[in-house]
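# Results of the structural survey
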Number of protein chains: 2
Amino acid sequence: MIAPACPLPLPHAERIVLGHGSGGKMSHDLIKRVFLPAFDNTALRAGDDGGVIPPMGTLRLALSTDSHVVSPLFFPGGDIGRLAVCGTVNDVAMMGAAPLYLTAGFILEEGLEVATLQRVVEGMRAAAEEASVQIIAGDTKVVQKGKADGLYITTSGVGMVMEGANVSGVNAQPGDVVILSGPVGDHGIAVLAARGDLGFEVEVSSDVAPLNRLTQAILNAAPPGMVHVLRDPTRGGLATTLNEIARQSQAAIKIEESRVAVRPAVAAACEMLGFDPLYIANEGKLIAIVARESAETVLQAMQATRYGEEAAIIGEVQASPQGRVLVKTPLGATRIVDMLAGEMLPRIC
Amino acid sequence: MIAPACPLPLPHAERIVLGHGSGGKMSHDLIKRVFLPAFDNTALRAGDDGGVIPPMGTLRLALSTDSHVVSPLFFPGGDIGRLAVCGTVNDVAMMGAAPLYLTAGFILEEGLEVATLQRVVEGMRAAAEEASVQIIAGDTKVVQKGKADGLYITTSGVGMVMEGANVSGVNAQPGDVVILSGPVGDHGIAVLAARGDLGFEVEVSSDVAPLNRLTQAILNAAPPGMVHVLRDPTRGGLATTLNEIARQSQAAIKIEESRVAVRPAVAAACEMLGFDPLYIANEGKLIAIVARESAETVLQAMQATRYGEEAAIIGEVQASPQGRVLVKTPLGATRIVDMLAGEMLPRIC
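Residues numbered from 1 in each chain as written. Chains lettered and ligands numbered in written order. Predicted model: local features only at pLDDT ≥ 70, side-chain atom pairs only at ≥ 80, totals over all residues. Heavy atoms only, no water.

## Here we look at helix 1 (residues 25–39) of chain A
Working note: α-helix, 3.6 residues per turn, so residues spaced by three or four point in the same direction. In this model helix 1 of chain A runs 20 Å from its N-terminal to its C-terminal C-alpha over 15 residues, within 8% of the 21 Å that 1.5 Å per residue would give. At A:Lys32, helix 1 of chain A is bent by approximately 40°, the largest bend along its length. Considered for burial, the residues of helix 1 of chain A that qualify are A:Ser27, A:Asp29, A:Leu30, A:Arg33, A:Val34, A:Phe35, A:Leu36, A:Ala38 and A:Phe39. Those residues of helix 1 of chain A hidden inside the fold are in contact with helix 2 (42–45) of chain A together with strand 5 (97–109), helix 4 (114–131) and strand 6 (134–143) of chain B. (Helix = DSSP H or I, 4+ residues; strand = E, 2+ residues; numbered from the N terminus. Expected span 1.5 Å × (residues − 1). Bend = angle between axes of the 7 residues up to and from the residue. Buried < 20%, exposed > 50% of the residue type's maximum accessible area, 1.4 Å probe, protein only. Contact = heavy atoms within 4.5 Å.)

## Here we look at the sheet that holds strand 11 (residues 287–290) of chain A
Sheet strands line up and pair through hydrogen bonds in the backbone, either parallel or antiparallel. Residue and element names in this part refer to chain A. An order of 9-11-8-12-10-13-14 is seen for the seven strands of this open sheet, with the pairing classed as mixed. In this open sheet, the two strands that pair with only one neighbour each are strand 9 (227–231) and strand 14 (334–336). The average undirected angle you get between the axes of adjacent strands in this sheet is 25°. Alignment of strand 10 (residues 252–256) against strand 12 (residues 312–318), held across four bridges, turns out to be antiparallel. When the sheet's bridge partners are listed, Lys254 is paired in strand 12 with Glu316. On the sheet, helix 6 (residues 212–221) packs against strand 9 and strand 11 and is oriented at approximately 170° with respect to strand 9. Running over the sheet, helix 9 (residues 292–303) touches strand 8 (177–180), strand 11 and strand 12 and is turned about 10° from strand 8. (Pairing = 2+ DSSP bridges. Axes fitted to C-alpha atoms, helices over the stretch in contact; angles between N-to-C directions.)

## Quick word on the sheet that holds strand 7 (residues 151–161) of chain A
Residue and element names in this part refer to chain A. A sheet is described by the order of its strands in space; here five strands give the open sequence 1-2-7-5-6, paired in mixed fashion. Of all strands in the sheet, those with a lone pairing partner are strand 1 (51–52) and strand 6 (134–143), marking the two edges. Strand contacts of helix 4 (residues 114–131): strand 5 (97–109), strand 6 and strand 7, with the helix running at about 15° to strand 7, the strand carrying the most contacts.

## Some details on the relation of the copies chain B and chain A
Structural alignment of chain B on chain A gives an RMSD of 0.0 Å, achieved by rotating through 180° and translating 0.0 Å along the axis. The transformation just described matches what one would write down for a two-fold rotation axis. Taking C-alpha positions as reference, the residue of chain B nearest the rotation axis is B:Ala148, located at 2.3 Å. Mapped onto chain A, 100% of the interface residues of chain B again fall at the interface, so both copies present the same surface. (Least-squares fit on C-alpha atoms with pLDDT ≥ 70 in both.)

## Focus: the packing of aromatic side chains
Here the structure, examined in full by the defined rule, presents four aromatic pairs over all chains. Between A:Phe106 and B:Phe35 the ring centres are 4.7 Å apart and the planes differ by 45°, which places this aromatic pair in the tilted class. With one member in each of two chains, A:Phe106 in strand 5 and B:Phe35 in helix 1 (residues 25–39) form a pair that bridges those chains. Residues A:Phe106 and B:Phe35 agree in their burial class; the two are buried. (Phe/Tyr/Trp six-rings, centres within 6.5 Å; stacked < 30°, edge-to-face > 60°.)

## Here's the deal with helix 3 (residues 80–93) of chain A
Residue and element names in this part refer to chain A. Spanning 14 residues, helix 3 covers 19 Å between terminal C-alpha atoms, matching the ideal 20 Å at 1.5 Å per step. Here helix 3 lies mainly inside the structure; 14 of its 14 residues are buried. The backbone nitrogen of Gly81 lies 2.7 Å from a side-chain oxygen of the residue at the head of helix 3, namely Asp79. (Polar contact = N/O pair within 3.5 Å; in protein donor to acceptor, adjacent residues only side chain to side chain.)

## A few points about the packing of helix 6 (residues 212–221) of chain B against helix 9 (residues 295–303) of chain B
Residue and element names in this part refer to chain B. Packing of helix 6 against helix 9 brings their axes to within 9 Å, and their N-to-C directions diverge by 150°. Here helix 6 is positioned roughly antiparallel relative to helix 9, judged by the angle of their axes. As helix 6 runs across helix 9, the sense of the crossing is right-handed. Mapping the contact onto sequence places Leu214, Ala217, Ile218 and Ala221 in helix 6 and Thr297, Val298, Ala301 and Met302 in helix 9. Among the residues making up the contact of helix 6 with helix 9, the classes are represented as seven nonpolar, one polar and no charged. (Parallel < 35°, antiparallel > 145°, perpendicular 65-115°, else oblique. Left-handed = near helix turned anticlockwise from the far one by under 90°. Nonpolar A, V, L, I, M, F, W, Y, C, P; charged D, E, K, R; others polar.)

## Points about the pairing of strand 5 of chain A
Residues and elements named next belong to chain A. Among the 13 residues in strand 5, 11 count as buried, and that is most of the element. Summarising the sheet, strand 5 and strand 7 pair through 11 bridges and their orientation is antiparallel. Residue pairing for strand 7: Leu102 is matched across the bridge by Gly157. Both strand 5 and strand 6 contribute to a ladder of nine bridges, which runs parallel. From the neighbouring strand, Gly105 faces strand 6, where its bridge partner is Asp139. Regarding topology, helix 4 serves as the crossover connection from strand 5 to the parallel strand 6, and that connection is right-handed. (Right-handed = clockwise from strand over helix to strand, strands pointing away.)

## Points about the side chain of A:Thr305
Residue and element names in this part refer to chain A. Mapping Thr305 onto the fold places it in the loop between helix 9 and strand 12. With a relative accessible area of 16%, Thr305 lands in the buried category. Non-local contacts of Thr305, meaning those with residues more than four positions away in its chain, are made with Leu214 and Ala217.

## Considerations on the interface of chain B and chain A
Where interface size is given, it is often the accessible area lost as the parts come together that is meant. At the interface, 74 residues of chain B touch 74 residues of chain A. Both faces combined, the contact of chain B with chain A buries some 6800 Å², and carbon together with sulfur accounts for 69% of it. Taken together, the connections running from chain B to chain A amount to six salt bridges. Measuring nitrogen to oxygen at the nearest pair gives 2.9 Å for the salt bridge that ties A:Asp139 to B:Arg235. The tally of links between chain B and chain A comes to 26 residue pairs in polar contact (both at pLDDT 80 or more). Secondary structure elements with two or more residues in the side of chain B that touches chain A: helix 1, helix 2 (42–45), strand 2 (61–68), strand 5, helix 4, strand 6 and strand 7 (151–161) of chain B. Sorting elements by how many residues they give to the side of chain B that touches chain A places strand 6 of chain B first, with 10 residues. Considered class by class, the residues forming the side of chain B that touches chain A number 40 nonpolar, 20 polar and 14 charged. (Buried area = accessible area lost by both parts, 1.4 Å probe. Salt bridge = Lys/Arg side-chain N within 4 Å of Asp/Glu carboxyl O.)

## Focus: the nonpolar core
Judged by nonpolar contacts, the single largest core of 53 residues is most densely connected at B:Phe106, B:Leu108, B:Leu117 and B:Leu151. Looking at this core, the elements that each hand over two or more residues are helix 1 of chain A together with helix 3 (80–93), strand 5, helix 4, strand 6, strand 7, helix 5 (186–194) and helix 8 (264–273) of chain B. Top contributing element to this core by residue count: helix 4 of chain B, with eight residues. Ignoring anything within four residues of it in the chain, the contact list for B:Leu108 reads A:Ile16, A:Leu30, B:Leu117, B:Thr140, B:Lys141, B:Val142, B:Val143, B:Gly150 and B:Leu151. (Core = buried A, V, L, I, M, F, W, Y, C linked by side-chain atoms within 4.5 Å.)

## Quick word on the domain arrangement of chain A
Residues and elements named next belong to chain A. Per the domain assignment, the segments of chain A are domain 1 (25–161) and domain 2 (169–336). For domain 1 and domain 2, the distance between their C-alpha centroids amounts to 21 Å. Each partner contributes residues to the interface: domain 1 has 26 residues there, and domain 2 has 27 residues. At the boundary of domain 1 with domain 2, total buried surface from both sides reaches about 2200 Å², with 53% on carbon and sulfur atoms. Applying the counting rule to domain 1 against domain 2 returns two salt bridges. Ionic pairing is found between Glu130 and Arg306, a salt bridge with its closest N-O pair at 3.5 Å. Counting residues per element, the ones that place at least two in the side of domain 1 that touches domain 2 are strand 3 (74–75), helix 3 and helix 4. It is helix 3 that provides the largest number of residues to the side of domain 1 that touches domain 2, a total of seven residues. (Domains from an automatic or database assignment.)

## Observations regarding the pattern of salt bridges
The final tally for this structure, using the stated rule, is 45 salt bridges over all chains. Of the charged contacts, one joins B:Lys147 and A:Asp149 as a salt bridge, the two residues approaching to 3.9 Å between their closest N and O atoms. A residue pair is termed interchain when its members come from two chains, as with B:Lys147 in the loop between strand 6 and strand 7 and A:Asp149 in the loop between strand 6 and strand 7. When its relative accessible area of 22% is taken as the criterion, A:Asp149 is described as partly exposed. Notably, a salt bridge pairs B:Asp48 with B:Arg231, separated by 2.9 Å at the nearest N-O pair. With B:Asp48 in the loop between helix 2 and strand 1 (51–52) and B:Arg231 in strand 9 (residues 227–231), this pair connects stretches of sequence that are 183 residues apart. When sorted by exposure, B:Asp48 lands in the same class as B:Arg231, which is buried. Connected through salt bridges with shared partners, the residues A:Glu14, A:Asp29 and A:Arg33 form a single ionic network.

Below you can see the structure in the form of structure tokens.
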């Protein structure tokens, strides 16, 4: 384990750096040292992207929240509004829940054009409609010019855990099969390209999409208890997300690099930039870790949905080395792939 | 009515100004023109500070969210962390619900001292403990230096609507009695003083506090259906909140100015600044509008709780003039008091 089991005292003048928002090692370290000791509870300790509330009667609810600070506000395939709705819809869906209601908190920078806000709100409306969720409460704050960057949106969501579902990053078991819903890296490269500082042209659209129908199809396809983990590999990419699951479940995850699809344009951009696509953010992909006997059924159910057409089995869960992610390269070697260490692409979501 | 019933086309280059975050007339206008047309649904249309979800089985849940951008981060009586927890606890409580679970989304500015974040998180922890709520999910984003102001926190909350409770800003009825839980203006003046640019000394602490035990006491004191409205007069102050209720309920609210308590230090500061305390933000006060026959019982129940000791009846609901708030001055004259028009104190919460 890289992070210490007990929080260490923090040096007096330690400061927040961009890496603390990477979703990788530094983010996890900050959570372990600052947030977990203060807010300790079962749901938070599980380390998932949302929390499942203790049952109220027969009802199990999942809650999640995400702040969105993507720059630029608009990019091929989406905008901060679509991202804010899909991000939270997906976090709730990854708890095995059907997302139902969202709230939205806006932090607006003085001077933002109202027309820009309207475009963003339209992106939210369309995504909410696609995901069949309602935005039932909101809040708007305005800060002085230079105290934000256009606008930030924090969405929170509540959903009903589907009957028989029990999915969490702690549930991966040796022998389980790892399924990935499609090619990786589209979102990160699309946003980077939209910033206009790549120095070359890339034709990539963000994959930002609501995945609740896909998770529903997965859960409906397998008998109760056969789907162990659902997780969307956002910040930090596939490699970081698999590491999170391996640590939470105290198991090893082994994948074959050749089975992880990467679009040619994304692969080319990554090669020119020296990036590994396994670390690039996605906003419309998920990993499903399922019992071996249900893998084929789940895969077919995924391939029958809009956002799972390119789903593929990419690996399996093993007993050891605990907490590690192993990647078998096309040449047959096996390398250990860790979480994202610092920050590669700030403000990608 | 000031705002048009139908959204008007927006001039092309209209820009967000601080007044759009005031909680007053401009905020309502923005909601009506930009957010409501896109996200239209029953809960949102009710115009309360949160939404009550359609019942799931016998369970009625209330959801709310608030972004917090207060400057400075620490002020007498509280900090942005305590404010973020209490703000959402109170919004959920004002729906007649017992707040249970919170989520928190952090937007951190690069360069923020981790020790500062820890102090804020401790403020959140203590407030959550006091309110008996759990923070079960969170998210952290980091933006570059100069793209935020230290940190912003968006909290969302879910609570269970108490049995028999049916409170909303639309429910005020002629004959109802208006009760205020204590003196107004403490929070706004305390934050303003903490900015150090008043030019004189003021000894005022923010009233920021979780009010869920107070709302519980109110709802338990009266027979089902007798408590019509609960609302905390935050941004825009008592005058703006009463105007919201008057408009939502299509009734008039008449209060006696002499019955609205204002601490001497707050009154003095307002006089020097030319502010009307009726427009100054509170973060630990509420208005209860109850059927006349339950008013005395509710008042006594409020006075028996920690944050309701200074509760007082300040006025009543009348049939007309619809949507208006009338204030009887100490000299016996009656003036119409409107919502806050622009922005008086930016970034107060």
